[in-house]
Amino acid sequence: MATNKTTKAENARSAKARMMEKVRGLLAKAADDAATPEESQALYAKAEQLMAKYNLDAAIVRAKNGDRPEPIRHLQFVVSGQGWHGKARVGLVAHVAMATGCKVVTEGNKMNGADRIVHIVGTTATVTMLELMLPSLILQAETMGRKAVKENPALVREAFDTAANCNIERRVFFRSYLPGFGQGVAEKIAGNRAEMAEKTSEAGALVLVSDAERITNRFGKLFPADTIKAGHADSFSGLGEAIGRRDGRTADTGQTRVNGGKKAITANK
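Residues numbered from 1 in each chain as written. Predicted model: local features only at pLDDT ≥ 70, side-chain atom pairs only at ≥ 80, totals over all residues. Heavy atoms only, no water.

**Examining the overall build of the protein**
- Looking only at helices and strands, the protein has seven helices and five strands in total.
- The secondary structure elements of the protein, listed N-terminal to C-terminal, are α-α-β-α-β-β-α-α-α-β-α-β.
- Within the span of the protein, comprising 269 residues, buried residues form 42% of the whole.
- Put simply, 77% of the contacts in the protein that link residues at least 6 apart link residues at least 24 apart. (Helix = DSSP H or I, 4+ residues; strand = E, 2+ residues; numbered from the N terminus. Buried < 20%, exposed > 50% of the residue type's maximum accessible area, 1.4 Å probe, protein only. Contact = heavy atoms within 4.5 Å.)

**Brief notes about unusual backbone geometry**
- Positive phi values are uncommon outside glycine, yet Trp84 reaches one of about 60 degrees.
- Tracing the sequence through the fold places Trp84 in the loop between β1 (72-79) and α3 (86-99).
- Judged by relative accessible area, which is 46%, Trp84 ranks as partly exposed.

**Observations concerning the packing of aromatic side chains**
- The full count for this structure, using the stated rule, is three aromatic pairs.
- Considering the side-chain rings of Phe219 and Phe223, the 5.3 Å spacing of their centres and the 50 degrees angle between planes classify their relative orientation as tilted.
- The buried category is assigned to Phe223, whose relative accessible area is 9%.
- These aromatic residues form a ring-pair network of at least three members: Phe173, Tyr177 and Phe181. (Phe/Tyr/Trp six-rings, centres within 6.5 Å; stacked < 30°, edge-to-face > 60°.)

**Focus on the nonpolar core**
- By size, the foremost hydrophobic cluster in this structure holds 48 residues, and its most contacted members are Phe77 and Ile120.
- Among the secondary structure elements, those contributing two or more residues to this core are α1 (2-31), α2 (37-64), β1, α3, β3 (116-123), α4 (124-151) and α5 (163-199).
- In terms of residues, this core owes the most to one element, α4, which gives eleven residues.
- Dropping the residues within four chain positions of it, Ile120 is found in contact with Arg73, His74, Leu75, Phe77, Val93, Ala97, Cys102, Lys103, Val104, Val127, Leu130 and Leu134. (Core = buried A, V, L, I, M, F, W, Y, C linked by side-chain atoms within 4.5 Å.)

**With respect to α4**
- In a regular helix each residue adds 1.5 Å, so 28 residues correspond to 40 Å; α4 covers 40 Å between its end C-alpha atoms and thus fits that length.
- The largest bend in α4 amounts to roughly 35 degrees and is located at Met133, with the proline Pro135 lying one to four residues further along. (Expected span 1.5 Å × (residues − 1). Bend = angle between axes of the 7 residues up to and from the residue.)

**Some words on the packing of α3 against α4**
- Across the interface, α3 lies against α4 with an axial gap of 11 Å and an inter-helix angle of 135 degrees. When the interaxial angle is binned, α3 and α4 end up oblique. Between α3 and α4 the crossing geometry is right-handed. Contacts between α3 and α4 involve Arg89, Leu92, Val93, Val96 and Ala97 on the former and, on the latter, Leu130, Leu134, Leu137, Ile138, Ala141 and Glu142.
- Looking at side-chain class alone, the contact of α3 with α4 contains nine nonpolar, no polar and two charged residues. (Axes fitted to C-alpha atoms, helices over the stretch in contact; angles between N-to-C directions. Parallel < 35°, antiparallel > 145°, perpendicular 65-115°, else oblique. Left-handed = near helix turned anticlockwise from the far one by under 90°. Nonpolar A, V, L, I, M, F, W, Y, C, P; charged D, E, K, R; others polar.)

**Remarks on the pattern of salt bridges**
- For the structure shown, the criterion picks out eight salt bridges.
- Among the salt bridges present, the one from Glu131 reaches Arg73, with a minimum N-O distance of 2.9 Å. Of this pair, Glu131 sits in helix α4 while Arg73 sits in strand β1, placing them 58 residues apart in sequence.
- A relative accessible area of 23% means that Arg73 is categorised as partly exposed.
- Residue Glu187 is joined to Arg245 by a salt bridge in which the shortest nitrogen-to-oxygen separation is 2.5 Å. (Salt bridge = Lys/Arg side-chain N within 4 Å of Asp/Glu carboxyl O.)

**A word on the environment of Val118**
- Following the sequence through the fold, Val118 ends up in strand β3.
- A relative accessible area of 0% places Val118 in the buried class.
- For the pair Val118 and Val78, spaced 40 residues apart in sequence, the C-alpha separation works out to 6.3 Å.
- Apart from the residues lying within four places of it in its own chain, the contact partners of Val118 are Leu75, Gln76, Phe77, Val79, Val90, Val93, Val104, Val105 and Thr106.

**Points about the confidence of the model for the protein**
- When pLDDT is averaged along the protein, the result is 81; 84% of the residues meet or exceed 70.
- When the criterion is pLDDT under 50, residues 251-269 qualifies, and its contacts beyond four places in sequence or with other chains add up to 48 contacts. (pLDDT = per-residue confidence, 0-100.)

**Some remarks on the environment of Glu38**
- Structurally, Glu38 is set in helix α2.
- Under the relative-accessibility criterion, Glu38 is labelled partly exposed at 46%.
- With 210 residues separating them in the primary sequence, Glu38 and Gly248 have C-alpha atoms 9.3 Å apart.

Rendered as structure tokens:
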């Protein structure tokens, strides 16, 4: 019996290693300068789908075998404040992480050039996926955002009375673009998860519900509600968010309007 369990464990580790190698390959291709934005987004989506499906399938197997569920992990993800764009980067990270079923809270999320910490709580496999994906995703969003600033007709120098006001509008656009991009990616992830949930058995649905409850309980213990407060809203560009959201969604490249308001990103007291 022990040998059989050992063999199963080794096979599971081997399968996970192969899957992770595929994911790293997809993310590397997505970050390649030779890839178009559409190709990059398709590769990110494929990597996320591959990991999400593997994680759910593995969780279902554990549940059927009567094994303990996957541990809940707390990741302290450091977000750079370079250029005073840290709060915008946090918005991107929060949208994407929450779409995967994780709980998120941010520490030190003020409008300054300092780094801040995004606390992400979720299943170990999901948090590992985010740890791999987020740095590359942030880099791509910033690259595309700067390009959008330069190419958008509404942000040309001639449209403003002074160069200073033009610069302000460009910065606000960029800071709104980043969380918008994250929202677009999050919508894809949420759609993938919903589709996957429909295809799973009853055991799969129970696993997802159980994971959500365990994540909520762990998050509540780490960050009691009375220690969290809502962050302050900053200058916002609906155009920047809409274009970022469009660019974050492969399937919605023609979207140019904002649907719904901004989600507040919470921060520790």
